[in-house]
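# Remarks on the overall topology
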Amino acid sequence: MAAPGWRSGGRAWAALVFAALLCLAARAAAGPGTAPGAASSTAEFDVRPGGEVHSFSRSLGDYSCSFTYSAQGGTNEQWQMTVGVSEDSALFSCSIWRPQGKSYLFFTQFKAEVKGAKIEHAMAYSQAAAGALNDIPLKQEEFGVTETTVSHREGKFRFELSKLMIVAKSPRDEL
């Protein structure tokens, strides 16, 4: 299934790039020194309910990713953000997810924004793969993708979010 956010180039190329960046993120989680020439960083943060708008950001080199949200219900949940840059610095990835797979919070809004690159592919999920759980993507009408953001669509988003994945391309590579 083609996800929203495909911008240019062949789908096969973009899928290959996306898979490579996912491998980069997995290697980064495995430990330092496992992805020579490429860089990545993972940080944990709490998603806090209460209806207030909160943000969490990470930067890596010339790139940054921020996650802004508002949620209700339950208690704090521990989430992670991984940012990665390809060996040639042409691609930037940002993954935001709940490692336990399914969030029990009721998200009233969300937005992930990248700076320093343009989004090539983005996907949002109501459930993240963990243990016996599989990724369950949001329906395309629930979220929108622009050159720099992925965000909920007012009136369409069904309040469930457990994972966001973004692959962006450096504008320097568009000569």
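Definitions and cut-offs
Residues numbered from 1 in each chain as written. Predicted model: local features only at pLDDT ≥ 70, side-chain atom pairs only at ≥ 80, totals over all residues. Heavy atoms only, no water. Helix = DSSP H or I, 4+ residues; strand = E, 2+ residues; numbered from the N terminus. Buried < 20%, exposed > 50% of the residue type's maximum accessible area, 1.4 Å probe, protein only. Contact = heavy atoms within 4.5 Å. Core = buried A, V, L, I, M, F, W, Y, C linked by side-chain atoms within 4.5 Å.

This brings us to unusual backbone geometry. Excluding glycine, residues mostly carry a negative phi; peptide bonds, for their part, are mostly trans. A positive phi angle, near 65°, is found at S89, a position not held by glycine. Counting through the fold element by element, S89 comes out in the loop between β4 (77-85) and β5 (91-97). Assessed through its relative accessible area of 32%, S89 is described here as partly exposed. Backbone geometry at F159 places phi at a positive 75°, although glycine is not the residue there.

Time to look at the side chain of S103. Its location among the elements puts S103 in the loop between β5 and β6 (106-115). If we skip the residues at most four places from it in the chain, S103 touches E77, W79, R98, L161 and S162.

This next bit is on the nonpolar core. If you look at the biggest cluster of nonpolar residues, it comprises 37 residues, and the most contacted ones within it are F67, I96, F107, F110 and L161. Elements supplying a minimum of two residues to this core: β1 (39-47), β2 (53-60), β3 (63-72), β4, β5, β6, β7 (118-127) and β11 (163-169). Excluding anything up to four places from it in sequence, F110 contacts F67, T68, Y69, A124, L138, F143, V150, S151, H152, F157, L161 and L164.

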